[in-house]
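Read off the chains here:
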Amino acid sequence: MQRTATGLPFDDIRNLFLDLPAANAEAEAAARARQGQLVKPPGALGRLEEIAVQIAGWQGREIPRIDRPTVAVFAGTHGVAKRGVSPYPAEVTKQMVATFTDGKAAVNQICGVFGAGLRVFDLALDIPTRDIVEEDALTEAECAATMAFGMEALAGEPDLLCLGEMGIGNTTVAAAIYHGLYGGTAAEWVGPGTGATGTVLAAKIAAVEQAVARCAGHLDDPLEVLRRLGGRELAAMAGAILAARMQRVPVVLDGYVVTAAAAVLHALDPRALDHCFAGHVSAEPAHGRVLERLGLKPLLDLGMRLGEGSGAALSIGVIKAAIACHAGMATFAEAGVADA
Ligand SMILES: Cc1cc2ncn([C@H]3O[C@H](COP(=O)(O)O)[C@@H](O)[C@H]3O)c2cc1C
Ligand SMILES: O=C(O)c1cccnc1
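Residues numbered from 1 in each chain as written. Chains lettered and ligands numbered in written order. Predicted model: local features only at pLDDT ≥ 70, side-chain atom pairs only at ≥ 80, totals over all residues.

The name an unreviewed UniProt entry gives the protein chain is Nicotinate-nucleotide--dimethylbenzimidazole phosphoribosyltransferase, with Ancylobacter defluvii as the organism. Under the UniProt heading Catalytic activity (unreviewed entry), the note attached to the protein chain is "5,6-dimethylbenzimidazole + nicotinate beta-D-ribonucleotide = alpha-ribazole 5'-phosphate + nicotinate + H(+)". (UniProt positions renumbered as here; feature names shortened; annotations may be inferred.)

Here it is, written out as structure tokens:
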């Protein structure tokens, strides 16, 4: 395989899986012991306790901190959008990127509430990826380079990385990735996205079915599924999740589309998402099923189906609260409260 000036070939990506760091077991054990001493009945904070313990493990300290939560939104354009698979026109992608920059989208408001930074990565929006029904979305060099670009999400040294995406037509692409990875029928994976019904929904199912059929024989390699059926924001998010793992930074996934990038990594190695939280389960019908398959329990279930990182950003509040309790509560002994 040739090394290119623009990025890493897939071999270099695969090599990262030989050395996936694990969480620090000692820090986890210390955090778990601390949870047992805090002024509350054991287990009374439910999943907040496990969130704190997990983050302690990734940060390698009994009392972790979240000071720089960051939402990285990756935007890409899709050739398949010309097939009428979304109720919205493809121009919306660029227009929403401008709206993020102006601070006027939903995700901006949610970031503001929780003091999270927002970074928007615009991926060659004037050059849509190839229509997956007819051709592979990306070459290997393009896909690997885009994964490497996604690793830039770690550049500001976030201590919690939340992922989001923008790309009209990308719920079709996500459905194609799931159908490619997991089989079943196209209709099982396709949902309304921004609101597809009738002929739009039918076009979506047909596109997913044809795209995946075109790639038969190449579906046992998850990176091939990503490059043939994916798109730039999907590749970049996969790179970001992987880079975060190498740096032991916990990641929060958003909805159906972000989870498709994560699913590619999980298919390469089931340990690949050990540092990931599912911020929420989206209203997209297949999302809950995918999360179960990935062994991820969503933090929130609010019927949201927006994408752009909104569900991941909202769960920062839950994660910050989990850490605040873990760090700030007294033990029974410190508070002079009688234990059971
Ligand atoms: C105004 C607007 C804002 C959005 N923010 C995220 N998405 C979401 O919708 C798109 C995927 O849905 P589909 O596959 O049906 O096109 C993605 O861009 C996603 O992030 C939006 C969509 C619209 C219309
Ligand atoms: O769950 C998602 O990620 C989603 C749902 C609808 C539209 N865009 C994204």
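Now that the structure has been shown, we can carry on.
Asks: Please explain the overall build of the protein chain as it appears in this structure.
Replies: Counting its regular elements, the protein chain contains 16 helices and 5 strands. C-alpha extents for the protein chain along the principal axes are approximately 70 × 45 × 40 Å. Scored against the burial criterion, the 340 residues of the protein chain give a buried share of 52%. Counting only contacts in the protein chain whose residues sit at least 6 apart along the sequence, the fraction spanning at least 24 positions is 79%. (Helix = DSSP H or I, 4+ residues; strand = E, 2+ residues; numbered from the N terminus. Buried ≥ 20, exposed ≤ 12 C-beta atoms within 10 Å, placed from the backbone. Contact = placed C-beta atoms within 7 Å.)

Asks: Help me out: how do you make sense of helix α3 (residues 47-59) in this one?
Replies: Given 3.6 residues per turn, any residue in an α-helix points the same way as the ones three and four places further on. The end-to-end C-alpha distance of α3, which contains 13 residues, comes to 18 Å, matching closely the 18 Å that a straight helix rising 1.5 Å per residue would cover. In the core, the buried residues of α3 are packed alongside α2 (25-37) and α15 (316-328). G60 lies just past α3 and shows a positive phi near 70°. (Expected span 1.5 Å × (residues − 1).)

Asks: Help me understand the site of ligand 1 in this model?
Replies: Taken together, 18 residues are adjacent to ligand 1, and S86, T171, G193, T194 and G307 come closest. Among the secondary structure elements, those contributing two or more residues to the shell around ligand 1 are α4 (91-101), β3 (160-166) and α7 (170-182). Element by element, the count of residues in the shell around ligand 1 is highest for α7, at 3 residues. Class assignment for the residues of the shell around ligand 1 results in 7 nonpolar, 9 polar and 2 charged. (Near = placed C-beta within 6 Å. Nonpolar A, V, L, I, M, F, W, Y, C, P; charged D, E, K, R; others polar.)

Asks: Just to check I follow, could you spell out the site of ligand 2 for this structure?
Replies: The environment of ligand 2 is made up of T171, G193, T194, D254, G255, Y256, V257, S282, E284, H287, R305 and G307. The residue inventory of the shell around ligand 2, partitioned by class, reads 2 nonpolar, 7 polar and 3 charged.

Asks: Got a minute to help me understand the environment of F149 in this structure?
Replies: Within the element layout of this structure, F149 appears in helix α6 (residues 140-150). Look at F149 and you get buried, because 20 C-beta atoms sit within 10 Å. Separated by 88 residues in sequence, F149 and M237 have C-alpha atoms that sit 9.3 Å apart. Every residue in contact with F149, bar those within four places of it in the chain, is listed here: A236 and G239.

Asks: Whenever I open this one, the packing of α7 against helix α12 (residues 256-268) confuses me. Can you help?
Replies: The description of two packed helices rests on the angle between their axes and on the distance between the axes. Relative orientation of the contacting elements α7 and α12 amounts to 25°, with a least axis distance of 9 Å. Considering the angle they form, α7 stands roughly parallel to α12. Seen from above, α7 lies across α12 with left-handed handedness. Of α12, the residues touching α7 (which contributes N170, T171, A174, I177, Y178 and L181) are Y256, V257, A260, A263, V264 and A267. Counted by class, the contact of α7 with α12 contains 10 nonpolar, 2 polar and no charged residues. (Axes fitted to C-alpha atoms, helices over the stretch in contact; angles between N-to-C directions. Parallel < 35°, antiparallel > 145°, perpendicular 65-115°, else oblique. Left-handed = near helix turned anticlockwise from the far one by under 90°.)

Asks: Teacher, can you tell me more about the confidence of the model for the protein chain here?
Replies: The predicted coordinates should not be examined in detail at positions where pLDDT is low. Averaged over every residue, the pLDDT of the protein chain is 97; residues scoring 70 or more account for 98%. This model gives residues 1-7 a pLDDT under 50, and the stretch forms 12 contacts once residues within four places in sequence are excluded. For this predicted complex, the interface confidence score (ipTM) comes to 0.99, while the overall pTM stands at 0.97. (pLDDT = per-residue confidence, 0-100.)

Asks: What should I look at first to understand the sheet that holds strand β5 (residues 276-278) in this one?
Replies: Picture the strands of a sheet paired through backbone hydrogen bonds; they go either parallel or antiparallel. An order of β2-β1-β3-β4-β5 is seen for the 5 strands of this open sheet, with the pairing classed as parallel. Strands with a single pairing partner mark the edges of an open sheet, and in this sheet they are β2 (117-122) and β5. In this sheet, neighbouring strand axes are inclined to one another by 25° on average, regardless of whether the strands run parallel or antiparallel. Its contacts with the sheet place α4 against β1 (69-75), β2 and β3, and it is angled at close to 150° to β2. (Pairing = 2+ DSSP bridges.)

Asks: For this particular structure, what's the right way to read the UniProt feature "active site" (unreviewed entry) in the protein chain?
Replies: Mapped onto this numbering, the UniProt entry annotates "active site" (unreviewed entry) at E308. Among the structural elements, E308 can be located in the loop between α13 (287-294) and α14 (310-314). The residues contacting E308, other than those within four sequence positions of it, are V73, A105, A106, V107, G164, E165 and M166.

Asks: Even after reading the chapter, I still don't get the nonpolar core, so can you show me in this structure?
Replies: What tends to happen in soluble globular proteins is that the nonpolar side chains get buried as a cluster. Within the largest apolar cluster, 106 residues are counted, with the highest numbers of intra-cluster contacts made by V73, I177, A238 and I241. Excluding its chain neighbours within four sequence positions, the residues that come into contact with I241 are V251, A261, A262, L265 and C276. (Core = buried A, V, L, I, M, F, W, Y, C linked by C-beta atoms within 7 Å.)

Asks: Looking at this structure, I do not really get the environment of D136. What am I missing?
Replies: Mapped onto the fold, D136 is located in the loop between β2 and α6. Residue classification places D136 among the buried positions, given that 21 C-beta atoms sit within 10 Å. Sequence-distant contacts of D136, defined by excluding residues within four places in its chain, comprise R130, R227 and R228.

Asks: How do you make sense of the packing of α12 against α13 when you look at a structure like this?
Replies: Where α12 contacts α13, the axes come no closer than 11 Å and their chain directions differ by 30°. It follows that α12 is roughly parallel to α13 by the angle criterion. Where α12 crosses over α13, the handedness of that crossing is left-handed. On α13, the residues touching Y256, T259, A262, A263 and H266 of α12 are H287, V290, L291 and L294.

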